[in-house]
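If you want the building blocks of each chain, they are given just below.
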Amino acid sequence: MFKIFQPGATALVLASFIGGAAFAGPFTDAETQLRAAYNDYRTALFQSNAGKADAVDAALIRAQEKWAALGAEWAANTPPQYQDDPDLPATMAKVGTLLAEAQAIASKGDLAEAHEVLEQVRDQIWDMHLRNGIIGFSDRMNAYHLEMEDILVVNPATLDAAGRATLQGQAAVLSYLAAQLIAHPAPEAADPAYAPLAQAMYDATLALEQATQDPDPEALKAALGQLKPAYAKFFAKFG
């Protein structure tokens, strides 16, 4: 089994992380600020799916405060990577509106609907990155999530030969996306919890690829069942 963090690899990740910080400039500073706000948003997104109202409320308060501060700072001094983006003000305003809307809905106890609104925030930030030629760690996590969700609708018990061939291709794409996440670790990769969670998600992806070659539908069912929990644990802390 391929292991993500071979001896010395963690040190390499640390070195690259520290090296990046040492050469931080306006571009990196802006993405660091964005990630700080995104982290609280991500907590709200995850906890709304878990049905934890108090955690959602607290995370959304933090996210809105950070997003408002970010919007004010970027309006006064737009980061270089977004200076040619005419849609930046609209994106900043839209995200702020969505965060407020999600909190209003969550305060009424409808966490499922709040979660649906919060999903749109992820899309707004991803679109902002895409149109400005930026790919961050969370963008790669989003791409993985989209492919995973398409795979999880598969019913192994009713899968025919054509369906299994399609699934094999999807599993290969998912493995590629997982490999991209490993090749471009999160800024928090030095956290001791990072390597085991990243490894678990990667291993679940490899297990799925192997299971698509197995004619036993129970083997495939078991592999499919590993995907979402491994992703969710990694996403909740680092996504």
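Remember, predicted model here, so these are calculated numbers, not experimental data.

Can you lay out the overall build of the protein chain for me, pointing to particular residues and giving the numbers?
On a plain count of helices and strands, the protein chain comes out with 9 helices and 0 strands. When burial is assessed residue by residue, the protein chain has 41% of its 239 residues classed as buried. For the protein chain, restricting intrachain contacts to residue pairs at least 6 apart in sequence, the fraction spanning at least 24 positions comes to 75%. Carbon and sulfur atoms provide 59% of the accessible area of the protein chain, an area that totals close to 11800 Å².

Run through the pattern of salt bridges, naming residues and quoting values.
Throughout the structure, instances matching the rule amount to 6 salt bridges. For Arg35, the salt bridge is made with Glu188, and the minimal N-O distance between the two is 2.9 Å. A residue pair is termed long-range when its members are at least 10 positions apart, and Arg35 in helix α2 (residues 26-50) and Glu188 in the loop between α7 (161-183) and α8 (194-211) qualify at 153 residues.

Go over helix α9 (residues 217-238) with me, naming the residues and quoting the values.
Taking 1.5 Å as the rise per residue, α9 with 22 residues should run 32 Å; its terminal C-alpha atoms sit 32 Å apart, in good agreement. Every buried residue of α9 is listed here: Leu220, Ala223, Leu224, Leu227, Ala230, Tyr231, Phe234, Phe235 and Phe238. One face of α9 carries all of its buried residues, which in axial projection span an arc of 140°. Exposed residues lying more than 90 degrees from the buried face of α9 are Glu218, Lys221 and Lys233. Tucked into the core, α9 has its buried residues touching α2, α5 (111-131), α6 (137-152), α7 and α8.

Could you give me a rundown of the side chain of Asp139, with the residues and numbers involved?
If you trace the backbone, Asp139 turns up in helix α6. For the buried Asp139, no salt bridge is present, and the opposite-charge side chain at shortest range is Arg140, 6.9 Å distant.

Cut-offs used in this document
Residues numbered from 1 in each chain as written. Predicted model: local features only at pLDDT ≥ 70, side-chain atom pairs only at ≥ 80, totals over all residues. Heavy atoms only, no water. Helix = DSSP H or I, 4+ residues; strand = E, 2+ residues; numbered from the N terminus. Buried < 20%, exposed > 50% of the residue type's maximum accessible area, 1.4 Å probe, protein only. Contact = heavy atoms within 4.5 Å. Areas by Shrake-Rupley, 256 points an atom, 1.4 Å probe, with all protein chains shown as cover. Salt bridge = Lys/Arg side-chain N within 4 Å of Asp/Glu carboxyl O. Expected span 1.5 Å × (residues − 1). Arc of directions from axis to C-beta. Lys, Arg positive; Asp, Glu negative; His and termini not counted.

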